[in-house]
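Take a look at the letters that make up each chain.
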Amino acid sequence: MNTGARRVRKDRFTPLLLVGAAMIAVVAIVYLAGREFGLLARWWLFSGALAFPGFVFAGMLAGSLILTFLALILRRNRKIALLGTGVVSTGLLVALLVSAFAMPATVTPDAVPARQDGQLRVLGWNVLQGAEDAASRAALVGALQPDIVVLSELYQGNLLRDGDVPAGYVSYGVRGIAVTVLVADDLPRYRVVDADESGRTSGFVLAPEVDGAAPRIVAAHLVALSFRGDSSGRDFGLDWISSHCGSPDTIVAGDLNAVPANMPGGRLGSCRTVGAFAPSWPSMVPPLFGAAIDNVLATPEWDAARVATLDVAGIATDHRPIVADLVRR
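Just so it is clear, the structure is predicted and the values come from calculations on it, not from any experiment.

### A short note on the nonpolar core
At step 1: In this structure, Val181, Phe204, Ile251 and Val296 are the most contacted members of the largest nonpolar core, which totals 28 residues.
At step 2: In contact with Val296, not counting residues within four places along its chain, are Val122, Ile251, Val252, Ala253, Arg272, Thr273, Val274, Phe277, Ile322 and Ala324.
At step 3: With 24 residues, the next largest nonpolar core counts Ala28, Ala81, Ala95 and Ala261 among its residues.

And the structure:
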């Protein structure tokens with residue numbers, strides 16, 4: 001009697017393993033649909049998980065491998081259990097490897113080629129308030145010679161001392177908004193034409209003083225998704241950016257706390273992401289397990305000649321900088 005009962009329990013264990021493997025497979029398929037097609041792109045915590053494909057695939061793979069190990073120690077129906085769990089584990093391993101190999105490598109600032117004539121270089125960096133001082137900011141700007149620099153978590157009012165603004169640049173900002181923009185002084189002068197001062201996000205819009213003389217700049221640092229899954233602040237910011245992408249000749253840059261998967265087709269209004277940046281946050285983990293939440297977008301007048309996430313030695317902030325070289329079509 002006892003032997004029969006044990007056999008029944010073992011027979012029930014195999015279906016449990018198969019159900020567990022099937023559930024992991026369904027989650028993986030939904031996740032891939034979110035990444036590739038924008039399914040549930042702004043839904044609750046799922047929208048945040050879309051930013052971490054390496055971490056998510058590695059976690060699901062670990063769970064599937066545990067099921068595969070349990071299948072190995074079965075005495076009955078081992079082949080069926082191994083087949084089911086093994087197929088899922090293999091698929092997740094392939095997804096993790098594809099993510100790893102498809103992900104652009106980070107580069108050091110000195111490996112970025114000199115900007116070509118006719119290109120517009122945009123640098124974005126969340127400097128974590130005072131974590132990166134004026135010297136470290138100036139060193140990166142000096143090495144890359146960007147035309148436009150968007151520094152998130154930096155109030156323009158904190159640029160108090162000589163040398164806080166690198167030579168050859170003009171700084172722009174709005175009181176109460178923790179974003180500063182530096183524009184090379186060989187570009188036309190700009191003026192602030194709009195700002196979100198609702199407290200729900202941080203961002204402002206610069207337009208050239210002479211209309212059409214240079215692209216409009218939308219500089220933003222959006223609210224992060226909360227651990228409670230509240231995405232309303234970030235989504236408000238994405239919609240705010242989208243509204244300004246109705247204007248032609250517009251460039252968006254900053255810490256958007258969102259990845260292209262959170263934007264239908266990688267687009268906000270008529271702006272689109274200009275390329276595949278490697279994960280920029282957090283800077284202390286390998287890129288495979290990070291999130292590419294720092295972005296540059298542009299309207300159709302612009303194409304990307306080069307995009308890169310930078311590996312900066314001795315970085316103090318939790319964000320890697322990003323750089324994009326744009327060319328007019």
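Let us keep going from here.
### A few points about the sheet that holds strand E7 (residues 216-221)
At step 1: Across the sheet, seven strands lie side by side as E5-E6-E7-E8-E11-E10-E9; this open sheet has mixed pairing. One side of each edge strand has no neighbouring strand; the edge strands of this open sheet are strand E5 (190-196) and strand E9 (267-268).
At step 2: Here strand E8 (residues 250-255) pairs with strand E11 (residues 294-298) via five bridges, running antiparallel. The residue of E11 that forms the bridge with Val252 is Leu297.
At step 3: Packing of helix H6 (residues 232-244) onto the sheet brings it into contact with E5, strand E6 (202-208), E7, E8 and E9, and relative to E7 it is tilted by some 180°.

### Observations concerning the sheet that holds strand E3 (residues 169-172)
At step 1: Taken together, the six strands give an open sheet; going across it, the order is E3-E4-E2-E1-E13-E12, and neighbouring strands pair in mixed fashion. Two strands lie at the open edges of the sheet, namely E3 and strand E12 (302-309), each paired on one side alone. For this sheet, the mean inter-axis angle between neighbouring strands, taken without regard to orientation, is 20°.
At step 2: Across six bridges, the pairing between strand E1 (residues 119-126) and strand E13 (residues 322-328) is antiparallel. Its bridge partner being in E13, Arg121 is matched across the sheet by Asp325.
At step 3: Lying over the sheet, helix H5 (residues 134-144) contacts E1, strand E2 (148-152), E3 and E13, oriented at roughly 160° with respect to E1.

### A closer look at the packing of helix H3 (residues 53-72) against helix H4 (residues 78-102)
At step 1: Close contact between H3 and H4 brings their axes to 8 Å; oriented N to C, the two are set at 160°. In terms of axis orientation, H3 runs roughly antiparallel to H4. Taken as a pair, H3 and H4 cross one another with a handedness that is left-handed. Across the interface between the two elements, Pro53, Gly54, Phe57, Ala58, Met60, Leu61, Ser64, Leu65, Leu67, Thr68, Ala71 and Leu72 from H3 touch Arg78, Ala81, Leu82, Thr85, Gly86, Val88, Ser89, Leu92, Leu93, Ala95, Leu96 and Ser99 from H4.
At step 2: Residues belonging to the contact of H3 with H4 are distributed by class as follows: 16 nonpolar, seven polar and one charged.

Rules and cut-offs
- Residues numbered from 1 in each chain as written.
- Predicted model: local features only at pLDDT ≥ 70, side-chain atom pairs only at ≥ 80, totals over all residues.
- Heavy atoms only, no water.
- Core = buried A, V, L, I, M, F, W, Y, C linked by side-chain atoms within 4.5 Å.
- Buried < 20%, exposed > 50% of the residue type's maximum accessible area, 1.4 Å probe, protein only.
- Contact = heavy atoms within 4.5 Å.
- Pairing = 2+ DSSP bridges.
- Helix = DSSP H or I, 4+ residues; strand = E, 2+ residues; numbered from the N terminus.
- Axes fitted to C-alpha atoms, helices over the stretch in contact; angles between N-to-C directions.
- Parallel < 35°, antiparallel > 145°, perpendicular 65-115°, else oblique.
- Left-handed = near helix turned anticlockwise from the far one by under 90°.
- Nonpolar A, V, L, I, M, F, W, Y, C, P; charged D, E, K, R; others polar.

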